[in-house]
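# Structural characterization, general
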Amino acid sequence: MIIHRLSEMNLEIWTEQDPEWQTSLRKSVSALTFTAETPALVYPPAQMSWTIAPRLKFEPAELEDAARGVMYQMALHYRTLPPQELTPAQYGELSGYEATFQAEPHHIPIDVRVFFGHREGMPMVVMQAVTLKGKLAHVAEHVRRSWTHLRYLD
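Below, the structure is looked at part by part. (Residues numbered from 1 in each chain as written. Predicted model: local features only at pLDDT ≥ 70, side-chain atom pairs only at ≥ 80, totals over all residues. Heavy atoms only, no water.)

## Re the layout of surface pockets
Considering only enclosed or pocket space, the largest pocket measures out at about 790 Å³ in volume. In terms of lining, the largest pocket is formed by 31 residues, of which the most central are R26, M74, H77, Y78 and Q128. Contributions of two or more residues to the lining of the largest pocket are made by β4 (32-37), β5 (46-52), α1 (63-78), β8 (110-118) and β9 (125-132). Residue contributions to the lining of the largest pocket peak at 6 residues, all from α1. Here the residues of the lining of the largest pocket are counted per class, giving 17 nonpolar, 11 polar and 3 charged. Lining the second largest pocket are E37, T38, P45, A46, Q47, Y78, I108, I110, V130, T131 and L132. Secondary-structure elements contributing two or more residues to the lining of the second largest pocket are β5 and β9. No other element matches the 3 residues that β9 contributes to the lining of the second largest pocket. (1 Å grid on protein atoms, 1.4 Å probe; cavity = no way out; pocket = protein on both sides within 12 Å on 5 of 7 lines; lining within 4 Å. Points joined across faces, edges and corners; volume = space filled by probe spheres on them. Helix = DSSP H or I, 4+ residues; strand = E, 2+ residues; numbered from the N terminus. Nonpolar A, V, L, I, M, F, W, Y, C, P; charged D, E, K, R; others polar.)

Shown next, in the form of structure tokens:
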């Protein structure tokens, strides 16, 4: 695994080394997104991303409602219905909620797994894993290795 210490995001994110996933950091006015993608000719193709809005913080009692809002926005982005059920989850230092749903952007069926969480007092992190429909199980170990090691730098 390659360990990325991203001071801009205040996060440590692990990505695959063999084969090495291609990574990039994108900044917008309100958020930062780190993306990792499988290299060409790797099957199934997959992408993981981590988004943080540094000024966005929630109290523990607000977390589930905030997660529902994020899932709704993600579903709009993928032009599908939002997931009905959220599952409590913990990855590394983060506690929150996750859901999986299917979509068909550009007429390509995909599976999307989304986690929304934080460590109390820290900004929220949205993690997502995207791959071809029916192939999440094929990238589950990649997701597990990466997501379980996520931590804040401070």
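On we go.
## Considering the pairing of β5
Among the 7 residues of β5, 5 are classified as buried, and the element is accordingly described as predominantly covered. Two strands pair when backbone bridges link them, and β4 and β5 are joined in this way by 6 bridges, in the antiparallel orientation. Within the sheet, the bridge partner assigned to T33 lies in β5 and is T51. In terms of strand pairing, β5 meets β9 through 7 bridges, oriented antiparallel. Among the inter-strand pairings, I52 is bridged to a residue of β9, identified as V125. (Buried < 20%, exposed > 50% of the residue type's maximum accessible area, 1.4 Å probe, protein only. Pairing = 2+ DSSP bridges.)

## Some thoughts on the sheet that holds strand β10 (residues 151-152)
The antiparallel open sheet is built from 3 strands, whose spatial order is β1-β2-β10. On the outer flanks of this sheet lie β1 (2-6) and β10, each paired with one strand and no other. Bridge analysis of β1 against strand β2 (residues 11-15) gives 5 bridges, and the strand direction is antiparallel. Bridge pairing in β2 places R5 opposite E12.

## Topic: a negative patch on the surface
A contiguous patch of negative charge, built from E59, E62, D65 and E120, is present on the exposed surface. Take E62: it is sitting in the loop between β5 and α1. Of the residues examined, E62 reaches a relative accessible area of 39% and is grouped as partly exposed. (Patch = residues over 30% accessible without salt bridge, like charges linked within 9 Å, V, L, I, M, F, W, Y side chains within 5 Å. Areas by Shrake-Rupley, 256 points an atom, 1.4 Å probe, with all protein chains shown as cover. Salt bridge = Lys/Arg side-chain N within 4 Å of Asp/Glu carboxyl O. Lys, Arg positive; Asp, Glu negative; His and termini not counted. Charge placed at Lys NZ, Arg CZ, Asp CG, Glu CD.)

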